[in-house]
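Structure assessment
Spelled out, the chains give:
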Amino acid sequence: MGLSKDVIKYFHDKIGDTYKQIGKKIGLSESYISRVYNGERDLTLEHLVKLESAYEIPLPVILLEVVTDKNVPKGLKPLYKTARDLLESGSFLKELLQR
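The structure displayed is predicted, hence computed values, not measured ones.

1. Quick look at the packing of aromatic side chains
Taken as a whole, this structure holds three aromatic pairs when the rule is applied. The interplanar angle of 80° and the centroid separation of 5.0 Å between the aromatic rings of Tyr10 and Phe11 together place this pair among those described as edge-to-face. Residue Tyr10 shares its accessibility class with Phe11, and that shared class is buried. Between Tyr19 and Tyr37, the aromatic rings sit 5.7 Å apart at their centres with planes inclined by 40°, giving tilted as the arrangement. One end of the pair, Tyr19, is in helix α2 (residues 19-26); the other, Tyr37, is in helix α3 (residues 30-37), and 18 residues separate them in sequence.

Rendered as structure tokens:
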């Protein structure tokens, strides 16, 4: 699964928005969001920034939510774990994850 698909899956499955709702919040059609989910298109950095703004979730938090330990290269796992632990220790992330 690609990162763009994982991001859409996060907002669809975890946040509960439809493809249409996700697209509307960032100025894309439902069809485009569906193609992203199906691996036919990718999100740009501009799209990710719009998602960050629309959902009021910092981009690093979004990325840590969609990137799992199994997707992180072995050499970067300690850094990933440290970043994840740091964010999870803050009340900000705990509040976001309980939405």
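2. Some thoughts on helix α4 (residues 45-55)
For α4, the set of buried residues is His47, Leu48, Leu51 and Tyr55. Down the axis of α4, the buried side of the element spans an arc of 100°, and every buried residue falls inside it. In α4, those exposed residues whose orientation departs by more than 90 degrees from the buried face are Leu45, Glu46 and Ser53. Contacts from the buried residues of α4 go to α1 (3-14), α2, α3 and α5 (59-66). After α4 finishes, the residue Glu56 shows a positive phi value of roughly 55°.

About the cut-offs
Position numbers for residues start from 1 in each chain and track the written sequence from start to end. Per-residue local features of the predicted model are confined to residues with pLDDT of at least 70, and side-chain atom pairs are confined, for both listing and counting, to 80 or more; whole-chain, interface and lining totals are unaffected and use all residues. The basis for every side-chain value is the complete set of heavy atoms in the structure, and neither hydrogens nor water enter the calculation. Note on aromatic contacts: the rings of Phe and Tyr and the six-membered ring of Trp form a pair at centre separations within 6.5 Å, being stacked when their planes are under 30 degrees apart, edge-to-face when over 60 apart, and tilted otherwise. The rule is simple: take the accessible area with a 1.4 Å probe, protein chains only, and divide by the maximum for that residue type; under 20% is buried, over 50% is exposed, in between is partly exposed. Runs of E in the DSSP output that reach at least two residues are strands. Runs of H or I that reach at least four are helices, and both are numbered from the N terminus. Read the arc as the range of directions from the helix axis to the C-beta atoms. Whether two residues are in contact is decided by their heavy atoms: any pair within 4.5 Å suffices.

Treat this as a map of the structure, not an account of what it does.
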